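# An overview of the molecular structure
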4 protein chains.
Amino acid sequence: MTYEPAPADRFTFGLWTVGNRGRDPFGDFVRPTLDPVEAVHKLGELGAWGVNFHDNDLVPIDATAADRDRIVRDFRRALEASGLTVPMATTNLFFEPVFKDGAFTSHDPGIRAYAVQKTMRAMDLGVELGARTYVFWGGREGAEVDAAKDPVDAIKRFREAIDFLCDYAIDQQYALRFALEAKPNEPRGDIYFPTTAAYLGFIPTLAHPEMVGVNPEVAHEHMIGLNFCHVVAQALEAGKLFHIDLNDQKPGRFDQDLRFASESIKPLFFLVKLLEEGGYDGPLHFDAHAYRTETRDGVWDFARGCMRSYLILKDKVRRFREDREIQALVAECRGAQGESFAPYRREAAAALKQQSFDRQALAARPLPYERLDQLLIDLLLGAR
Amino acid sequence: MTYEPAPADRFTFGLWTVGNRGRDPFGDFVRPTLDPVEAVHKLGELGAWGVNFHDNDLVPIDATAADRDRIVRDFRRALEASGLTVPMATTNLFFEPVFKDGAFTSHDPGIRAYAVQKTMRAMDLGVELGARTYVFWGGREGAEVDAAKDPVDAIKRFREAIDFLCDYAIDQQYALRFALEAKPNEPRGDIYFPTTAAYLGFIPTLAHPEMVGVNPEVAHEHMIGLNFCHVVAQALEAGKLFHIDLNDQKPGRFDQDLRFASESIKPLFFLVKLLEEGGYDGPLHFDAHAYRTETRDGVWDFARGCMRSYLILKDKVRRFREDREIQALVAECRGAQGESFAPYRREAAAALKQQSFDRQALAARPLPYERLDQLLIDLLLGAR
Amino acid sequence: MTYEPAPADRFTFGLWTVGNRGRDPFGDFVRPTLDPVEAVHKLGELGAWGVNFHDNDLVPIDATAADRDRIVRDFRRALEASGLTVPMATTNLFFEPVFKDGAFTSHDPGIRAYAVQKTMRAMDLGVELGARTYVFWGGREGAEVDAAKDPVDAIKRFREAIDFLCDYAIDQQYALRFALEAKPNEPRGDIYFPTTAAYLGFIPTLAHPEMVGVNPEVAHEHMIGLNFCHVVAQALEAGKLFHIDLNDQKPGRFDQDLRFASESIKPLFFLVKLLEEGGYDGPLHFDAHAYRTETRDGVWDFARGCMRSYLILKDKVRRFREDREIQALVAECRGAQGESFAPYRREAAAALKQQSFDRQALAARPLPYERLDQLLIDLLLGAR
Amino acid sequence: MTYEPAPADRFTFGLWTVGNRGRDPFGDFVRPTLDPVEAVHKLGELGAWGVNFHDNDLVPIDATAADRDRIVRDFRRALEASGLTVPMATTNLFFEPVFKDGAFTSHDPGIRAYAVQKTMRAMDLGVELGARTYVFWGGREGAEVDAAKDPVDAIKRFREAIDFLCDYAIDQQYALRFALEAKPNEPRGDIYFPTTAAYLGFIPTLAHPEMVGVNPEVAHEHMIGLNFCHVVAQALEAGKLFHIDLNDQKPGRFDQDLRFASESIKPLFFLVKLLEEGGYDGPLHFDAHAYRTETRDGVWDFARGCMRSYLILKDKVRRFREDREIQALVAECRGAQGESFAPYRREAAAALKQQSFDRQALAARPLPYERLDQLLIDLLLGAR
């Protein structure tokens, strides 16, 4: 196997990912600015399918209309030349000081209105360049202290903004779906809607729930030690997996955005298995960046590595599925599938209530998970 | 202030909490069995309003029908004598080896049916003693490895059971509401529906969503470092806060079930504020236990402390609300509340898109959170 | 009590703390540069005793000799005018790209030499302004991947640098003690010497162990959930608590550097108790910064709050010591103190080996920790 | 490669590991008692080299002298028959209620004396069966609240016990080395000496530091997210790696004691690399247990898996060392090794202080960690 990526693999990168300049809370930039046009050409060469952006990744916040037009024209040409698509776009509602205490959930109605305006314009830009998914990451929607901010109000304000923007998209006849991206903390002490699941609970309360899904990110759920595959499974089962952010992260620490599968080999095998076998056919977006120690060249090594590891794990998923010994053990663990107690019928329920069960016998059936899991480890390590 | 609890405070304890015998993974029991009747009398003396139980906290799993009747009769008498109520009941689906790989989500249809049967019977018992809320904590519904368990199937199986049991409650004309309780891990490596929010996302997919809410527990969300007040706020805003489990926990470690507010003073101030001012009027249930170093007497010190700390924090909430300097700062942080951009109207949206905003001016308004938060700390510490 | 700080309280701040401009990984500066001279005057007004700095907090890295002299002169005048001291100084070995892969532990002998040079010069500067403690925080001494960095080499290289700099201080007849400051991660994926304890293990391997101690920081140990009071106790017991960094932090997340005691009320009560009663008489240094939402004025609110909360907790420590009911419970928990088995003598050991112990009786003595801990909570909350 | 374990691999298991019966805080035993004699025979068949035990794993706490003799005789015969050794022994100072508030650090001088007695007797037992390493895990040496326990006293009491027991070993002419094992929490809220590094700081303060080293355990350091390879490197560099406990653990949660390398593939590659290349030649002890879902047979699958994964990783270490492309990248990352600034000489230091460095040039050297790390991932996944 060569594990060479191709557009059919649907790999995408954000401009901000390969363009990351390596600044962190304790240190300055280490890499020069990367021109979006150059990024597009290089990603095309590497085999990516698409490129995503925040409005200000492409168009500086204080650009004139003429600047904007020129930038968009050049970018579109680069897309055409490289064959890249723009499957997703999003808004930067976190960098500028105006958003220091939130955008859609700010106390200030002026800031909330400005955030909505900025998003409408960014949606226009995204749609103009072909985006079908629009991501919302509320990085500043949170608090360090709860003394002056009501978390119930925050939910209502966030809903107001999303409902409004759904209506805007409908009104503009944009073929856009919204994907909400959660994170528990950083840059805020606590961010509202800290998990993908929080958004799954929120979406049914919206005016247009069918337009809105989630964009789970590996690092954001791994930060607090959640099982990412389980998180994504719930989104998928609910029909709400509209997008996904692939990267890696060590639990219990700052947001690392590491190269995909550079740390969490086994958990990400299960993720790839779920995505490949569970019917997800959207973009496979890498929201990660190179180590701060890398030069510009290292950024492309990083990008290659993300795609390569995905393809290796995808191949492992196939082998897992085709491995007879493994599948026999899976079947043994699963056991015979008998009749269900459901659906509810009064007589059957009454009968069930009287049924005699042998607890000891039910407990005795072997569940050879250790053996199966070791075969998986063997498979992952190339030792079978 | 005496901070003496009274039934009007709606404090409840589980039989398993004051009855906890102090066994842990590395050590044996340190306290003798506590008779449920004695527990009821003692809780009544201490000022509690109610007592809750798992089926087998009250009736041993292998009790005969005659045993059951005698136990229930004695327990009812104790309730009447002490004036205690039974606001909530639940099922033990985790202790017996039969549930070692799950109950409602077990691979084995026999185990799933047995778990449903056990729950129907436990619901009968709970209702017989007056319970209006029925809690589901799926402690064994999870996995250490995902190789043979499909997390999507797990969700479907859990839904099947909850839907069935809703129908059972309806069919029996039980005035019961279900409250789902999440936990991220322990005793399983990962538990399905790891957060309260996961259940908020799950409930709208049920056949009887209106009957089903959540039972958030402080320790279960603090384990992974979530802001519990934010978690509860989302449940409350969704109309789904049906019950609450109060205790305490240091983040990032094993489930401690500590005395309420013995660790997380400031976070639990915000919780009490939300409960008291946000319209929650259900039971205030302490799902905690005494340190393993305590004797039987220490258990009652523990129970007193839970209630006392709640009442102290409740009084702090009142003071916070009535403190003019604090409220002036809150108002300053919140700022003037102008008109909203919502609801969506085409012309207004078009106008908004053209509106001119002064980012610097919007960013410049002071948000004196440090000052406000210090006043809160002063208030909490009795220094104002 | 007014809780007004005075120089006798030995409170110090870093120039970088009140000068923090609020940049984070997702957002830009929000506050203007603070002139060191202004910082000194303001800290003096607020009641601080001292001010600390990294070399480049005071003297820009590319300053000419003339610039340096002018800056130092102005700063010294401000110190004299305000009465502030400079108890501690340190080196910035993390901001510049040259240190992106470490300073003393860099692969590159040129970078290691440069880091040593920068530190010698910074020691000169610190001593010139009166510093008696020199802090080493190896923020970049770490790795994201261990494939090309040998952690054993890293220890040896770090030792080489510290030994060299001890010799330099001795040679210059500087009355300096070194204080090593640990952090588990951020900005690096993993930092070498991740805990204060790691330095306690390292110091005895140095050439001049008597000159070298530790500078534990609340946030850095709370990040991974350690009990900070226990950490400091080990340093104190070993005679190695040379300095301390006070702030606050929620566990399991990015480095927050919050206002002292704004989160961890109970743990920091125990810290203050240990410092006040355990014989520590060094500076009480706040290594924290204001929320990013604050304006310049908020920075001083933040600084006031740090000192005020320390003084409130110090007063609680006194009350705890003078509270008869509490002290009676403490005595009850401690029990009677009999003879020790130590020191080892052959005959006594042989007798001990044959002695008969009644395990049950020994286990039965009550340890009323719940009661005691609740009294402490009452005391902390001003409810006794 | 067959990855078949043999005694030369020095793999050992504790009686408590394969004998683990699957009880946890929420559930009962699921597996029957395993006879130590049977354990020894089975471990011998599987290719293990040794077996370790707590005193009461082998001899029940209330055994008569005659029972003890019979048990030891049978066990010794099993050892001889199977060829197994007993490289390590330890004391159970955590299961019995008498130790609920600590053993060596208990307030009660009677309990401290009893703990020392129990340890002397257990040392006799261990030595009688051939142990050369004696492990101390102070599982109950800690606190939930610090109000009545002084952490400084705890250190002094622990030192008193260790010093005494060193003298006992010397006096008995036992060829024993002590290995101290740290854990941050569980079963106590906080355990004293929470990290291996805490013991590295403690050992130099002992009366016989040369006799005492550490026994780091993967799970105990991973629980709080430390880099285990870095932890072990410090112990090894200090000459203090006397024993090691191999298992696995997801960070930020309860103690899992998972099958070796079943979760942390990459971190444990680096551990094996360090052990194999860093000169460690002691036992490779698996302190882990089978999932609670396993039957007795599954326990042996678990044991096989531990050893197999170690051997697979050991083979990966060899390949890493022999891979030319990888080694070329390692060399590129390390760069040219020039002269060191050390040792200190006055003239050279003066010259260094005046030397001119080109920060930009030093920062510009490429460090291709992304490329190297991806090759490692390829190697681990069997994709090169």
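The structure under discussion appears in the preceding block.
Conventions and cut-offs
- Residues numbered from 1 in each chain as written.
- Chains lettered and ligands numbered in written order.
- Predicted model: local features only at pLDDT ≥ 70, side-chain atom pairs only at ≥ 80, totals over all residues.
- Heavy atoms only, no water.
- Helix = DSSP H or I, 4+ residues; strand = E, 2+ residues; numbered from the N terminus.
- Rg over C-alpha atoms; globule rule 2.2 N^0.38 Å.
- Buried < 20%, exposed > 50% of the residue type's maximum accessible area, 1.4 Å probe, protein only.
- Areas by Shrake-Rupley, 256 points an atom, 1.4 Å probe, with all protein chains shown as cover.
- Lys, Arg positive; Asp, Glu negative; His and termini not counted.
- Charge placed at Lys NZ, Arg CZ, Asp CG, Glu CD.
- Expected span 1.5 Å × (residues − 1).
- Polar contact = N/O pair within 3.5 Å; in protein donor to acceptor, adjacent residues only side chain to side chain.
- Pairing = 2+ DSSP bridges.
- Least-squares fit on C-alpha atoms with pLDDT ≥ 70 in both.
- Contact = heavy atoms within 4.5 Å.
- Phe/Tyr/Trp six-rings, centres within 6.5 Å; stacked < 30°, edge-to-face > 60°.
- Axes fitted to C-alpha atoms, helices over the stretch in contact; angles between N-to-C directions.

Here we come to the overall build of chain A. Each helix and strand counted, chain A has 15 helices and ten strands in total. Compactness check: chain A gives a C-alpha radius of gyration of 23 Å against a globular reference of 21 Å for 384 residues, within 12% of the reference. Taking the principal axes of the C-alpha coordinates as reference, chain A spans close to 75 × 50 × 40 Å. Here chain A, with 384 residues, has 68% of them falling under the buried criterion. Accessible surface computed for chain A: about 12,100 Å², of which carbon and sulfur atoms make up 50%. Counting 47 positive and 58 negative side-chain charges, chain A places the averaged centre of each group 3 Å from the other.

Moving on, we come to the environment of Arg73 of chain A. Along the polypeptide, Arg73 of chain A turns up in helix α4 (residues 65-82). Through-space distance from the C-alpha of Arg73 of chain A to that of Leu129 of chain A is 9.9 Å; in sequence the pair is 56 residues apart.

The next point concerns helix α6 (residues 151-171) of chain B. Residues and elements named next belong to chain B. Taking 1.5 Å as the rise per residue, α6 with 21 residues should run 30 Å; its terminal C-alpha atoms sit 30 Å apart, in good agreement. Most of α6 is tucked away, with 16 of its 21 residues classed as buried. At the N-terminal end of α6, a side-chain oxygen is found 2.7 Å from the backbone nitrogen of Val152, two or three residues along, and the residue is Asp150. The first or second residue beyond α6 is Gln173, which carries a positive phi of 55°.

This part is about the sheet that holds strand β6 (residues 177-181) of chain A. Reading across from one edge, β8-β6-β4-β3-β2-β1-β10-β9 (chain A) is the order of the eight strands in this open sheet, with parallel pairing throughout. Each having just a single partner strand, β8 (212-214) and β9 (245-246) of chain A make up the two edges of the open sheet.

Quick look at the relation of the copies chain D and chain C now. With an RMSD of 0.0 Å, chain D superimposes on chain C once it is rotated by 180° and translated 0.0 Å along the axis. Taken together, the rotation and translation describe the operation of a two-fold axis. Residue Gly201 of chain D, judged by its C-alpha, is the member of chain D lying nearest the rotation axis, at 1.8 Å. A high fraction, 100%, of the interface residues of chain D reappear at the interface in chain C, so the copies pair face to face through one surface.

Let us now look at unusual backbone geometry. Here the amide bond leading from Glu186 of chain A into Pro187 of chain A is cis, since omega sits at 10°, within 30 degrees of zero. Assignment of secondary structure puts Pro187 of chain A in the loop between β6 and β7 (190-191). You will see that Glu186 of chain C, though not glycine, has its phi angle at about 70°, which is positive. With respect to the helices, strands and loops of the structure, Glu186 of chain C is situated in the loop between β6 (177-181) and β7 (190-191). Under the relative-accessibility criterion, Glu186 of chain C is labelled buried at 4%. Phi is positive for Ala261 of chain D, close to 65°, though the residue is something other than glycine. Secondary-structure assignment places Ala261 of chain D in the loop between β9 (245-246) and α10 (265-277). Note on Ala261 of chain D: relative accessible area 3%, which makes it buried.

Let's shift gears to the packing of aromatic side chains. According to the stated counting rule, one finds 112 aromatic pairs over all chains in the structure shown. The interplanar angle of 55° and the centroid separation of 5.2 Å between the aromatic rings of Trp137 of chain A and Phe26 of chain C together place this pair among those described as tilted. Of this pair, Trp137 of chain A sits in strand β4 (residues 133-137) while Phe26 of chain C sits in the loop between α1 (15-18) and α2 (36-46), placing the two residues on different chains. Classification of Trp137 of chain A as buried rests on a relative accessible area of 11%.

All names here are of chain D. Strands sit in the order β8-β6-β4-β3-β2-β1-β10-β9 across an open sheet of eight strands; the sheet is parallel. Every interior strand has two partners, whereas the edge strands, β8 (212-214) and β9, have only one. Across the sheet, helix α6 (residues 151-171) touches β4 (133-137), β6 (177-181) and β8, and the angle it forms with β6 is around 155°.

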